[in-house]
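# Survey of secondary and tertiary structure
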Amino acid sequence: MKPGRSAVQRWTQRSARDSAGRARSPPPLRVEMKCIVGIGGMTNGGKTTLTNNLLKVLPNCCVIHQDDFFKPQDQIAVGEDGFKQWDVLESLDMEAMLSTVQAWMSNPRKFARAHGVSVQPDASDTHILILEGFLLYSYKPLVDLYSRRYFLTVPYEECKWRRSTRSYKVPDPPGLFDGHVWPMYQKYKQEMEANGVEVVYLDGMKSREQLFHQVLEEIQNSLLNHS
Ligand SMILES: Nc1ncnc2c1ncn2[C@@H]1O[C@H](COP(=O)(O)OP(=O)(O)OP(=O)(O)O)[C@@H](O)[C@H]1O
Ligand SMILES: NC(=O)c1ccc[n+]([C@@H]2O[C@H](CO)[C@@H](O)[C@H]2O)c1
Ligand SMILES: [Mg+2]
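A brief structural summary. Note that the coordinates shown come from a computational prediction; the quantities given were computed from them, not determined experimentally.

Time to look at the nonpolar core. Counting residues in each nonpolar core, the largest one holds 39 residues, and the members touching the most others are I64, M97, L129, L131, Y137 and L142. Those elements giving two or more residues to this core turn out to be β2 (61-65), α3 (94-106), α4 (108-114), β3 (126-132), α5 (140-143) and α7 (176-194). In terms of residues, this core owes the most to one element, α7, which gives eight residues. Residues contacting L131, with those up to four places away along its chain left out, are I36, V37, G38, I39, I64, M97, V101, L136, L142 and Y146. Ranked by size, the runner-up nonpolar core spans 19 residues in total, among them V37, Y150, L202 and L223.

A few words on the pairing of strand β1 (residues 33-41). For β1, a buried count of eight out of nine residues is recorded, marking the element as mostly surrounded by other parts of the structure. The sheet contact formed by β1 and β3 spans seven bridges and is parallel. When the bridges of β3 are listed, V37 appears paired with I130. Note that β1 and strand β4 (residues 148-153) share five bridges and pair parallel.

Around ligand 1, the surrounding shell holds 18 residues, and the nearest of these are T43, K47, T48, T49 and Y168. Within the contact set of ligand 1, an oxygen atom lies 3.2 Å away from a backbone nitrogen or oxygen of G45. Contact between ligand 1 and G46: an oxygen atom at 3.1 Å from a main-chain N or O atom of the residue. Isolated, ligand 1 exposes 630 Å² of accessible area, and the fraction of that covered by the protein chains is 81%. Looking at the shell around ligand 1, the element that brings in the most residues is helix α2 (residues 47-57), giving three residues. For the shell around ligand 1, the per-class residue count stands at three nonpolar, eight polar and seven charged.

So, about the side chain of Q85. Following the sequence through the fold, Q85 ends up in the loop between β2 and α3. For Q85, a relative accessible area of 14% puts it in the buried group. Looking at Q85, its side chain comes within polar contact range of the side chain of D81, at 3.1 Å. Aside from chain neighbours lying at most four places away, what touches Q85 is I76, A77, V78, G79, S91 and H180.

To continue, consider the side chain of N60. With respect to the helices and strands, the residue N60 is situated in the loop between α2 and β2. A polar contact is formed between the side chain of N60 and the backbone oxygen of T126, at a distance of 3.0 Å. Contact partners of N60, with chain neighbours within four places excluded, come to S118, V119, Q120, T126, H127 and I128.

Parameters and conventions
- Counting of residues starts from 1 at the beginning of each chain's written sequence and follows it residue by residue.
- For this description, chains carry letters from A and ligands carry numbers from 1, given in the order in which they are written.
- Thresholds applied to this predicted model are a pLDDT of at least 70 for local features of residues and 80 or more for the giving and counting of side-chain atom pairs; totals over whole chains, interfaces and linings are not thresholded and use all residues.
- Values reported for side chains reflect all heavy atoms of the structure, with hydrogen atoms and water molecules removed beforehand.
- Joining through side-chain atoms within 4.5 Å is the link that ties buried Ala, Val, Leu, Ile, Met, Phe, Trp, Tyr and Cys residues into a set, and such a set is a nonpolar core.
- Relative accessible area decides the class of each residue, using a 1.4 Å probe on protein chains only: under 20% of the type maximum gives buried, over 50% gives exposed, and in between gives partly exposed.
- Elements are defined by DSSP. Helices are runs of H or I of four residues or more, strands are runs of E of two residues or more, and each kind is numbered from the N terminus.
- Residue contacts are counted whenever heavy atoms from the two residues lie within 4.5 Å of one another.
- Strands are treated as partners if at least two bridges between them are detected by DSSP.
- Throughout, near means a residue has at least one heavy atom within 4 Å of the molecule or strand.
- We define a polar contact as two N or O atoms separated by no more than 3.5 Å, with the added condition that, inside protein, one atom must be a possible hydrogen donor and the other a possible acceptor, whereas residues neighbouring each other in sequence contribute only through side-chain atom pairs.
- With residues, only the protein chains shown are counted as cover, and all accessible areas are computed by Shrake-Rupley using a 1.4 Å probe.
- Polar here means any residue outside two lists: the nonpolar Ala, Val, Leu, Ile, Met, Phe, Trp, Tyr, Cys and Pro, and the charged Asp, Glu, Lys and Arg; Gly therefore counts as polar.

Here it is as C-alpha cells:
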C-alpha cells in the first residue's frame, strides 16, 4: 500500500466488494479535533488546583504550565524598585512555551505519549491541551490559539493572604506583593482588556468543586457542539 494516502482514499480506490463478492464496509472515519483551553488569571487564583482536577478526568488531555518557562534567576531584571521583576512577560521564555504548544498541535498523540498521557484508541480522536499560567493572554502569538480563555480572580485581600501561605522556588522578599506582584497583575489585566481579548472570568472564591464542575461541564459541552 502506498504511503501518504488517507484511509478514506484507500477505501474509495479499492473495489467496493471483496473477493467473495460481499460489500465492503468503509473504514472508521477518524476526525481529529484539537481544543486548547487556557486556565489563566491572577497569582493564587487557583489555576494549578483547577487544572490538576481537570487533568484527572479529561480524556486525551495534556498540560503545559507557564511557570515551567521562567528564565533562570540570574536573567531576571531588577527594577528601580529594587525587586526582581518576576511578574513580567520578559521573565518567561515565551518562545520556548510557544514551541511546546506547536509540538502538541502538530502531533497531539505523539506529544501525549512523550509526556506519559494515556491516549484512548477512540474513533472521535479528540485531543485537549490545557495551558495554565498567570500571563497566558499577554503574548500575541498564543492569544488566538485558544478555544476558550478562562481567567480566575479573587479579591486583593484574599490573593495577598493566599500568597503569604506559599513558598516559591525563590521566596517573596518583604513588600514584593504590594510593590511588584499586584501592580503588574493590574497592568497586564488592563492591557488585556484594552486589547479586547475575550475571557471567561471565574470567581476564584467559589469552592474547588464548584469551579471544577463548572469548567468541566463547559468543556464537555463545547466538545459536543463541535463534534
Ligand atoms: N477554590 C479555592 N478555594 C480556596 N482556596 C483555594 C481554591 N483553589 C486553590 N486554593 C488554594 O489557594 C492557593 C493557590 O492555589 P493554586 O496554587 O492553585 O493557585 P495558582 O493560581 O496556581 O497560583 P500561582 O500564582 O502560585 O501559580 C493554594 O493554597 C490552594 O490550595
Ligand atoms: N517558578 C519560579 O521560578 C518563580 C520564582 C519567583 C516567583 N514566582 C512567582 O510565580 C508566580 C506565578 O505562578 C508569579 O507571581 C511569580 O512571582 C515564580
Ligand atoms: Mg500555579
